[in-house]
Amino acid sequence: MWGALRSYIANSRRRLQNFLADDPTIGISMEREQEREAMLGECREHVREIKAILQGDADLQTKESAVYKIVVLCRQVGKPCKDVLREEGVLEGLMTTVSQLEMRELSSDRPSGSYQETFVQALYRALGETVYDNVVNAEIAAHFGLLKIVEASLSRKSEDDVLTEPILTVVNNIIGMSQSTHALLQEAGIVPLLVRFVGCQTSTNDNGRQIATAALANLSNNALMREQMIRSGAVEVLATALLQFPPEAEVEVPLPSVSYMQSLSAVVKIVGGGAMMGTVGGHGEREEGAITFNVNGSRSTRVYDERTNQLVLDRRSVRWMLAYLDASMSDDPYPPDTNIYGTPWKVALSISCIARGSALNREMLRAAGVWTLLARAATDLDIQQHADVRRGGRREEQEATGEKVVMAMRSMLRSEEDVQHSREELQNNPDAKRVLEQLLGLASNAALPTKSRHAAAEVLCMWGCGWEAERLLWLAQI
């Protein structure tokens, strides 16, 4: 079976590359469509063979091997295979089997040795791959009750348990793929568990801690999760990772760690998302009456005060966040030589929250070239859409990118000085016309939230773009 599978994967990857070589906006030729259908047909045959093994009377070792073939198929073939796994009922079968084994483990009268750890580990790894980069699968898994199942399993495991990492991967992949699954988290009790795993400094399982941190970072993209994360102590455990470097004035650190960037991304959105953020006008620590959350290496704020109304970062954190946005738009990892790939709209949201935090942040962002990057993000939306389609992405991702880029621009314009600097940047940008055209398009895009359309029109008005922007400003209110 493995030989046939390897041959299929090699051929399907070649076919997929040829299929994606066509411009997705032009359409796909009949020949390409036939090739795609042939590839999916072969994938379906392999999936059905795996399904027969899992449903049959094969020994546990054979079933475990079949489960790992699912992992291989998902990694090598990608989203088309994950759709087939759902359509053929394999996803539901994996979840049902995990549920039964976990319930048996919880049962007080279970027979000795009934909990097959290596088989369960294989099941979780297959589930993690099946829901990754597949919104439909992630939502099905959440509504099946998988989050509640993994909560019961995680709550009785130590941080160094062999199953902790694959289970946390399932959690992160589900909540990272769809914000609609977040409503189920409170019932499942997942957030306090994630905080526990991030905050355990005695654990030797660095990968598990990193995955839990990534999960909190994904949750921080959803404003509705903010209060629950604060109550669970997420800010305090995430802030611990910000202490790993000396203060900026004491030593030069060229690149951040993965844990630093994940924690920084989450902290700025939770802290910067407060209703009172930026209301003091903002001159950093010199501002009288400000309750400031500072990010400056080992001198960073450690305990979050809900009255916080100012966020001030050090220059290197600002520089790293802009590098993260740059890398995400180019589909490059950041930090370099890692497997961390940012999503443009999520990084743009972080920058928006940083800009809201204080005038000092806006000054540092401006000096580090934020307007050049935001202009590129706006003008590259069509290019990014091509890239996302080629990777199996969705138009919703592009709308989210446009929305968050506009909000970041608006957050940068909090004073007359901010507006004047942005105008100068725009005048010196060779793509200024395209930037304005994109903003006009975003302001009139009915698919975007009214608040975002309003923000796009406001930016245009601040840049003196005349009656057209004012017309769109009124339309955004309808």
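Asks: Would you explain the pattern of salt bridges in this entry?
Replies: Between side chains of opposite charge, a pair can form when the charged atoms approach closely. Enumeration over the complete set of coordinates arrives at 17 salt bridges. One salt bridge in this structure joins D314 and R316, with 3.2 Å as the shortest N-O distance. The class of D314 is buried, set by a relative accessible area of 5%. Since its relative accessible area comes to 1%, R316 is described here as buried.

Asks: Looking at this structure, I do not really get the packing of helix 23 (residues 432-443) against helix 24 (residues 450-462). What am I missing?
Replies: A packed helix pair is summarised by two numbers, namely the angle formed by the two axes and the spacing between the axes. Where helix 23 contacts helix 24, the axes come no closer than 8 Å and their chain directions differ by 145°. Helix 23 and helix 24 meet at a crossing whose hand is left-handed. Residues L436, L439, L440, L442 and A443 of helix 23 lie in contact with helix 24, whose contacting residues are R453, A456, A457, V459 and L460. Here the contact of helix 23 with helix 24 is composed, by residue class, of nine nonpolar, no polar and one charged.

Asks: Looking at this structure, how should I read the environment of G93?
Replies: In this fold, G93 is placed in helix 5 (residues 90-106). Accessibility expressed as a relative area gives 31% for G93, which makes it partly exposed. Sequence spacing of G93 and K51 is 42 residues, and the spatial spacing of their C-alpha atoms is 8.5 Å.

Asks: When you look at helix 15 (residues 258-272) in this model, what are you seeing that I'm missing?
Replies: An α-helix turns once every 3.6 residues. As a result, residues three or four positions apart point the same way. In a regular helix each residue adds 1.5 Å, so 15 residues correspond to 21 Å; helix 15 covers 21 Å between its end C-alpha atoms and thus fits that length. Across the 15 residues that make up helix 15, a large majority, 14, are buried.

Conventions used here
- Residues numbered from 1 in each chain as written.
- Predicted model: local features only at pLDDT ≥ 70, side-chain atom pairs only at ≥ 80, totals over all residues.
- Heavy atoms only, no water.
- Salt bridge = Lys/Arg side-chain N within 4 Å of Asp/Glu carboxyl O.
- Buried < 20%, exposed > 50% of the residue type's maximum accessible area, 1.4 Å probe, protein only.
- Axes fitted to C-alpha atoms, helices over the stretch in contact; angles between N-to-C directions.
- Helix = DSSP H or I, 4+ residues; strand = E, 2+ residues; numbered from the N terminus.
- Left-handed = near helix turned anticlockwise from the far one by under 90°.
- Contact = heavy atoms within 4.5 Å.
- Nonpolar A, V, L, I, M, F, W, Y, C, P; charged D, E, K, R; others polar.
- Expected span 1.5 Å × (residues − 1).

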